[in-house]
2 protein chains.
Amino acid sequence: MKVFISGFGTVGQGVFELLLLKMDMLNELGGVIVTGIMDSKSYSVDNEKGICGLCALGGKKLKGKCGNTDRNGMEGKDILDKADYDVLIECTPTNIDDGGEGLKNIRHALEKGKDVITVNKGPLALRFKELSDLAEKNGCIMRYEGSVGGAMPIINLCKEALIGQKIKSIKGIFNGTCNFILSRMDSGMPFQQALKEAQQLGYAEADSTYDIKGIDSACKVTILANSIFGRDVSIKDVSIIGIDTITEEAISLAAENDMVIRLIGEVSESRLSVSPRLVPKGHPLSLSGTLNMALVETDCAGPITVSGRGAGRQETASAILSDLITIIKERK
Amino acid sequence: MKVFISGFGTVGQGVFELLLLKMDMLNELGGVIVTGIMDSKSYSVDNEKGICGLCALGGKKLKGKCGNTDRNGMEGKDILDKADYDVLIECTPTNIDDGGEGLKNIRHALEKGKDVITVNKGPLALRFKELSDLAEKNGCIMRYEGSVGGAMPIINLCKEALIGQKIKSIKGIFNGTCNFILSRMDSGMPFQQALKEAQQLGYAEADSTYDIKGIDSACKVTILANSIFGRDVSIKDVSIIGIDTITEEAISLAAENDMVIRLIGEVSESRLSVSPRLVPKGHPLSLSGTLNMALVETDCAGPITVSGRGAGRQETASAILSDLITIIKERK
C-alpha cells in the first residue's frame, strides 16, 4: 500500500513515526510505503524506494522542511500528481473559512480514485456531503476517525462496534483545552489564569480562539452529525457558545449545587449545539482534565460511554493507523 | 441469512424480539429468518417459512416452552441437524464445569461449517482455543461480543476500533451485581443487606454464588485473555477472590483514604486476575451502580475507557445483533 502524507506538522510527523514503529505489523499486512510527503514549503516524492522517514523527520526538525524540493508556490494537486499513491493521509492545519489546501487535496485525491484518511476537520465540517458523495461515486474509501476526539474511537464505535443500533444522541466533551480550563476553574482559578496555565503546559495554542469560542468542538459535532446521523449540515448550522464568558461566580454557584460546568457538544436528529452546561458531579460528562469523553444514547443497548486522549502526536496518529489498517484489509 | 437460536431464556427471547423490532433494517441487508429454536424442553424447526416469533415468545410465556415439539431427551446436535441454518446463536445458560450443552452445540455447528455467535461464557472460558481453531479450520466466523460486558462493546472496540494498537492491559468492572453491592456498601450498608437488595431489584439471581465469588468476572477476563491477548488460558488459570469477605470496616477504611473498593478483573500478557481492589474516588474504575466499565491501556493511543450496561435482555441481544450484522456483511 502506497501512501502520501500531506501536512507535516505534529500529526503528519506522528504518522510517519508510527509507520516506522509499526513496520513489522504493517509488513505482515503487505507493507506500507510512503511515496510522497509535503508541507507548506517543500515536498518529496519517491515512487520507487519510498521516502526515508528519518530524513523527512530530521529535515523537518533541523531545517523546518520535510521535503528535498521547495514548493515555490506549487499547488498541492500538482505535487500529488507526481506521486504514485493509494491513500492520501491529510494532516494539513484545519481551516474553517474555506477548507484551505486540505479541502483541495482531498477533492483532488478522490477525483483521482484514491482513498483518503483525514484528521483535518475543516473540509469535513464544511463539505462533508460533497466529499462523501465524491468518494462514493469514485469507489473510494474516506475515513476520519482522528478528526473527532483524537485517540477516542467514537466514529468507529458508533459505525462499527454498535452496528444495528439506532444512535439517539451523542453528548460529549470534545475539546481537552476547554475541559482543562474548566477543571482548573472548579478549584477556584479565574478563567484568564487557567488559560495561561493551559498554554504554559502546551494544552492550548498561543491563539486559542478556536478552542475557547467552541469552534473546534463545533467542527466535531458537525462531523458526527454528518457521519453518524446521516445529516447534511455544516459548521454554520451549529449553535455555538464558548467558555470565555464563564465567570468564577457561575462556577461557585454550580459547585454549591454539587454541579460542575462543562463545554458539551450535543448532536441528534434535531439538535446540533456546543455550549457550557451544568453537569452533576459523578456524571460521566463531569470528567476533569484533558481527556475527551462521549456519551452515546442508543435505542436498544442503552447508554455507552467512551473516553480517550483527544489530542497528541502519537494519539492522533494512532487513529490514522487504525483507519489505514482498515483500508488495507478492505482493499485486499 | 438463516439463524438457529439455541437457548430461549431471557437472552434468547430478547434476540428474537430484537430481530422482529429491527426487521426493516435486516431486510435491507437481505433479511434474516429464524429456522430453528430450542430450549431445554422443546424445539421448533421450519426451514421454509421460518418460525413465527410471536408464537415462540407467546408459547414460552404461556407454556414455558418455545417450541411446538417436545425434546424428550433429544440431543441438541440432532435438533440442529434438522434445521437449515447459516448462523447458530447460542444463548443456553453458562456452565463452567464442562461447558454443558452450549459447548456441544457450538462444536457441532462449527464442525458443520456454520458461523456461531455466542453469549454463553462457559464454552469460551473453558475451550476457547479448541473452538477458535475449529472455526478457523472450517472457515467459520465465531463472534461473542455479548459474552463480556453485555452491551459494552469491549471486544469489537479492542479488535476493530483500536486495530493497530498493542493492548497492554485491560482492567475492568465486569459484574454489575458485585458493583451494585459494593456501591451500596459505600453508603454504609452491610454486605448481606446489599446482596438482598440486589436480589429484590432483580440485579442478582437467587443463587448469586457465581457473581459474588468472582467466577462470572473470571469467565470474562478469560475470554479477553484468549481473544484480545491471543493467550491460551481457561478459567482455571485465573487467580480469583470474590467480594463475599469484604467487611464494612474495610469499606470505611478505604473511604477515610478517599478510596472505594471495586471488584476488578485484570488481564495482560502476564496477569489474569479478579479481586477486590482499592480505587481512588474519581478514577474511571471507581464507577458506582450496575454498569460495566473497562479501561484499556494501549501502546500509542494511551488509555481508552468504555462503559455500558453489562446485562439485560435487550442490551445483551443488541450485542448479538451487532455480531449478526457483521457476519451478514462479511458473508455478502
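Given the structure is predicted, the values throughout are model-derived calculations rather than measurements. (Residues numbered from 1 in each chain as written. Chains lettered and ligands numbered in written order. Predicted model: local features only at pLDDT ≥ 70, side-chain atom pairs only at ≥ 80, totals over all residues.)

*Asks:* Got a minute to help me understand the overall build of chain A in this structure?
*Replies:* A tally of regular secondary structure across chain A gives 13 helices and 13 strands. In summary, chain A has a C-alpha radius of gyration of 20 Å against a globular reference of 20 Å for 332 residues, a match within 12%. The principal-axis extent of the C-alpha atoms belonging to chain A is close to 65 × 45 × 35 Å. Considering chain A as a whole, with its 332 residues, one finds that 56% of them fall into the buried category. (Helix = DSSP H or I, 4+ residues; strand = E, 2+ residues; numbered from the N terminus. Rg over C-alpha atoms; globule rule 2.2 N^0.38 Å. Buried ≥ 20, exposed ≤ 12 C-beta atoms within 10 Å, placed from the backbone.)

*Asks:* Explain the interface of chain B and chain A to me, please; I cannot follow it from the model alone.
*Replies:* In many analyses, interface size is given as the accessible surface area lost on bringing the parts together. Taken together, the 29 residues of chain B in the interface contact 29 residues of chain A. Elements with a contribution of two residues or more to the side of chain B that touches chain A: α7 (154-161), β13 (303-309) and α13 (313-331) of chain B. Looking at chain direction, strand β13 (residues 303-309) of chain A and β13(B) are connected through three bridges and run antiparallel. Within the sheet, the bridge partner assigned to A:Val306 lies in β13(B) and is B:Val306. (Contact = placed C-beta atoms within 7 Å. Pairing = 2+ DSSP bridges.)

*Asks:* Quick question: what am I supposed to make of the nonpolar core here?
*Replies:* The nonpolar side chains of a soluble globular protein tend to be buried with one another. Counting 218 residues, the largest nonpolar core has A:Ile5, A:Val15, A:Ile89, B:Ile5, B:Val15 and B:Ile89 as the members making the most contacts within it. The residues contacting A:Val15, other than those within four sequence positions of it, are A:Ile5, A:Ile89, A:Cys91, A:Ala317 and A:Ile320. (Core = buried A, V, L, I, M, F, W, Y, C linked by C-beta atoms within 7 Å.)

*Asks:* Explain the relation of the copies chain B and chain A to me, please; I cannot follow it from the model alone.
*Replies:* Once turned by 180° and shifted 0.0 Å along the axis, chain B lies on chain A with an RMSD of 0.0 Å. The two molecules are tied by a two-fold rotation axis, judged by turn and shift. Looking at the rotation axis and the C-alpha trace of chain B, the residue lying nearest is B:Val306, at 2.2 Å. Mapped onto chain A, 100% of the interface residues of chain B again fall at the interface, so both copies present the same surface. (Least-squares fit on C-alpha atoms with pLDDT ≥ 70 in both.)

*Asks:* Just to check I follow, could you spell out the sheet that holds strand β4 (residues 69-70) of chain B for this structure?
*Replies:* Two pairing modes exist for strands in a sheet, parallel and antiparallel, and in both the strands are linked by backbone hydrogen bonds. Residues and elements named next belong to chain B. Across the sheet, seven strands lie side by side as β4-β3-β2-β1-β5-β6-β7; this open sheet has mixed pairing. Only two strands of the sheet have a single neighbouring strand rather than two, namely β4 and β7 (142-143). Two strands pair when backbone bridges link them, and strand β6 (residues 115-118) and β7 are joined in this way by two bridges, in the parallel orientation. Bridged to Val116 within β7 is Met142. Most of the contacts of helix α1 (residues 10-21) go to strand β1 (residues 2-6), to which it runs at about 155°, and overall it touches β1, β2 (33-38) and β5 (87-90). (Axes fitted to C-alpha atoms, helices over the stretch in contact; angles between N-to-C directions.)

*Asks:* How should helix α3 (residues 53-63) of chain A be read in this particular structure?
*Replies:* Three or four residues apart is the spacing at which side chains of an α-helix point the same way, because the helix has 3.6 residues per turn. Residue and element names in this part refer to chain A. Restricting attention to buried positions, one finds in α3 the residues Ala56, Gly59 and Lys60. When α3 is viewed along its axis, its buried side chains cluster within an angular range of 95° and face the same direction. Residues Leu54, Gly58, Lys61 and Leu62 are exposed on α3 and point more than 90 degrees away from its buried face. Summarising the contacts, the buried residues of α3 are in contact with α1 (10-21), β2 (33-38) and β3 (42-45). Immediately downstream of α3, the backbone of Gly64 shows phi near 75°, a positive value. (Arc of directions from axis to C-beta.)

*Asks:* Is there a simple way to think about the sheet that holds strand β1 (residues 2-6) of chain A in this case?
*Replies:* Residues and elements named next belong to chain A. In spatial order, the strands read β4-β3-β2-β1-β5-β6-β7; together these seven strands make up an open sheet with mixed pairing. Looking at strand neighbours, the two that pair on one side only are β4 (69-70) and β7 (142-143), the edges of this open sheet. Pairing geometry for β3 and β4, over two bridges, is antiparallel. Note on β4: the bridge partner recorded for Tyr43 is Thr69. This element, helix α13 (residues 313-331), spans β5 (87-90), β6 (115-118) and β7 of the sheet and lies at about 165° to β6.

*Asks:* I would appreciate a short explanation of the confidence of the model for chain A in the present structure.
*Replies:* Residues shown with low pLDDT carry predicted positions that ought not to be read at fine detail. Per-residue confidence for chain A gives a mean pLDDT of 95; residues scoring 70 or more make up 100%. Across the assembled chains, the prediction reports ipTM 0.93 with pTM 0.94. (pLDDT = per-residue confidence, 0-100.)

*Asks:* Would you mind showing me how to read the pairing of β5(A) here?
*Replies:* Working note: regular strand, side chains alternate between the two faces of the sheet. Residue and element names in this part refer to chain A. Of the two faces of β5, both are covered, the one formed by Val87 and Ile89 as well as the one formed by Leu88 and Glu90. In this structure, β1 lies alongside β5, joined through four bridges in parallel fashion. If you follow Ile5 over to β5, its bridge partner there is Ile89. As defined by bridge partners, β5 adjoins β6 across four bridges and the pair is classed as parallel. Residue Ile89 lies in a different strand from β6, and its bridge partner there is Ile117. Handedness of the β5-helix α5 (residues 100-111)-β6 crossover: right-handed. (Right-handed = clockwise from strand over helix to strand, strands pointing away.)

*Asks:* Explain the packing of helix α7 (residues 154-161) of chain A against α7(B) to me, please; I cannot follow it from the model alone.
*Replies:* In a packed pair of helices, the relevant descriptors are the angle between the two axes and the axis-to-axis distance. Close contact between α7(A) and α7(B) brings their axes to 10 Å; oriented N to C, the two are set at 115°. Between α7(A) and α7(B), the crossing angle belongs to the class labelled roughly perpendicular. Considering how the two elements wind past one another, α7(A) and α7(B) form a crossing that is right-handed. Where α7(A) approaches α7(B), its residues A:Asn156, A:Leu157, A:Glu160 and A:Ala161 are matched on the opposing element by B:Asn156, B:Leu157, B:Glu160 and B:Ala161. Considered class by class, the residues forming the contact of α7(A) with α7(B) number four nonpolar, two polar and two charged. (Parallel < 35°, antiparallel > 145°, perpendicular 65-115°, else oblique. Left-handed = near helix turned anticlockwise from the far one by under 90°. Nonpolar A, V, L, I, M, F, W, Y, C, P; charged D, E, K, R; others polar.)

*Asks:* Help me out: how do you make sense of the domain arrangement of chain A in this one?
*Replies:* Residue and element names in this part refer to chain A. Domain boundaries in chain A define domain 1 (2-151 + 313-331) and domain 2 (155-309). Using only C-alpha atoms to locate each centre, domain 1 and domain 2 end up separated by 27 Å. Taken together, the contact pairs 17 residues of domain 1 with 17 residues of domain 2. With six residues, helix α6 (residues 121-137) is the largest single contributor of residues to the side of domain 1 that touches domain 2. Each residue belonging to the side of domain 1 that touches domain 2 can be placed in one class, and the counts come to eight nonpolar, five polar and four charged. (Domains from an automatic or database assignment.)

*Asks:* When you look at the environment of A:Glu17 in this model, what are you seeing that I'm missing?
*Replies:* Residues and elements named next belong to chain A. As for its placement among the helices and strands, Glu17 is situated in helix α1. Under the C-beta neighbour-count criterion, Glu17 is labelled partly exposed, with 17 such atoms within 10 Å. In this structure the C-alpha to C-alpha distance between Glu17 and Asp97, which are 80 residues apart in sequence, comes to 30 Å.

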